[in-house]
Amino acid sequence: MAEIELKTAPADFRFPTTNQTRHCFTRYIEFHRCLAAKGEESGECEKFAKYYRSLCPGEWIERWNEQRENGAFPGPL
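Computed from a predicted model, the values in this text were never measured in an experiment.

Conventions adopted
- Residues numbered from 1 in each chain as written.
- Predicted model: local features only at pLDDT ≥ 70, side-chain atom pairs only at ≥ 80, totals over all residues.
- Heavy atoms only, no water.
- Helix = DSSP H or I, 4+ residues; strand = E, 2+ residues; numbered from the N terminus.
- Expected span 1.5 Å × (residues − 1).
- Contact = heavy atoms within 4.5 Å.
- Phe/Tyr/Trp six-rings, centres within 6.5 Å; stacked < 30°, edge-to-face > 60°.
- Buried < 20%, exposed > 50% of the residue type's maximum accessible area, 1.4 Å probe, protein only.
- Disulfide = S-S within 2.5 Å.

**Q** How should I be thinking about helix α3 (residues 58–69) in this particular structure?
**A** The α-helix advances 3.6 residues per turn, and as a result positions three or four apart in sequence lie on the same side. Helix length check: α3 (12 residues) gives 17 Å between terminal C-alpha atoms against 16 Å at 1.5 Å per residue, within 8%. Among the residues trailing α3, Gly71 stands out with phi positive, at a value near 75°.

**Q** Would you mind going over the environment of Leu35 with me for this structure?
**A** Looking at the element boundaries, Leu35 is found in helix α1 (residues 21–38). Each C-alpha atom, one on Leu35 and one on Phe48, is 9.9 Å from the other, the two residues being 13 residues apart in sequence. Apart from residues lying up to four places away in sequence, Leu35 is in contact with Glu40 and Cys45.

**Q** So what exactly am I meant to see when it comes to the packing of aromatic side chains here?
**A** Where two aromatic rings form a pair, the distance of their centres and the angle of their planes describe that pair. In this structure the tally under the stated criterion is 9 aromatic pairs. When the centroid spacing of 5.0 Å and the interplanar angle of 80° are considered together, the rings of Tyr28 and Tyr52 count as edge-to-face. With a gap of 24 residues between them, Tyr28 in helix α1 and Tyr52 in helix α2 (residues 46–55) connect regions that are remote in the sequence. Just as Tyr28 is buried, Tyr52 falls in that class too. Seen in terms of ring centroids, Tyr28 and Phe73 are 5.6 Å apart; in terms of plane orientation they differ by 40°. Their pairing is tilted. Taken together, the residues Tyr28 in helix α1 and Phe73 in the segment after α3 connect sequence positions 45 residues apart. Each member of the pair, Tyr28 together with Phe73, is buried. Each residue in the set Phe25, Tyr28, Phe31, Tyr52, Trp60, Trp64 and Phe73 is aromatic and connected to the rest through ring pairs, giving one cluster.

**Q** What exactly am I supposed to notice about the state of the cysteines here?
**A** A covalent bond bridging the sulfur atoms of two cysteines is what the word disulfide describes. Summed over all chains, the structure comprises 2 disulfides. In this model Cys24 forms its disulfide with Cys56; the gap between the sulfur atoms is 1.9 Å. One quick way to see it: the torsion about the S-S bond of Cys24 and Cys56 is about 120°, and its sign makes the bridge right-handed. Of this pair, Cys24 sits in helix α1 while Cys56 sits in the loop between α2 and α3; the two residues are 32 residues apart in sequence, bridging distant segments of the chain. The exposure class of Cys56 is buried, given its relative accessible area of 8%. Linked covalently through their sulfurs, Cys34 and Cys45 form a disulfide whose S-S length is 2.0 Å. Disulfide Cys34-Cys45: the torsion about the S-S bond is -85°, which places it as left-handed. Highlighted residues: Cys34 in helix α1 and Cys45 in the loop between α1 and α2, separated in sequence by 11 residues. With respect to class, Cys34 is no different from Cys45; both count as buried. Looking at the protein chain, its bonded cysteines, counted consecutively from the start of the sequence, adopt the pairing 1-4, 2-3.

Spelled out as structure tokens, the structure:
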């Protein structure tokens, strides 16, 4: 059986408090900006995907994905 390594996003000086809401939102935006700039085939954006997936609740991600699809996402993509 393969060993599974669990990791979370590295510490970020922009988010010094224990509330990681802004950190989660920022990493989600960074991921989608990276995809827009480098394309979905690029593996360079995967680190941002890992970060936001480890920080953000699944319900938020689902809602943000729906908002992006509908053109109603509140963030700067």
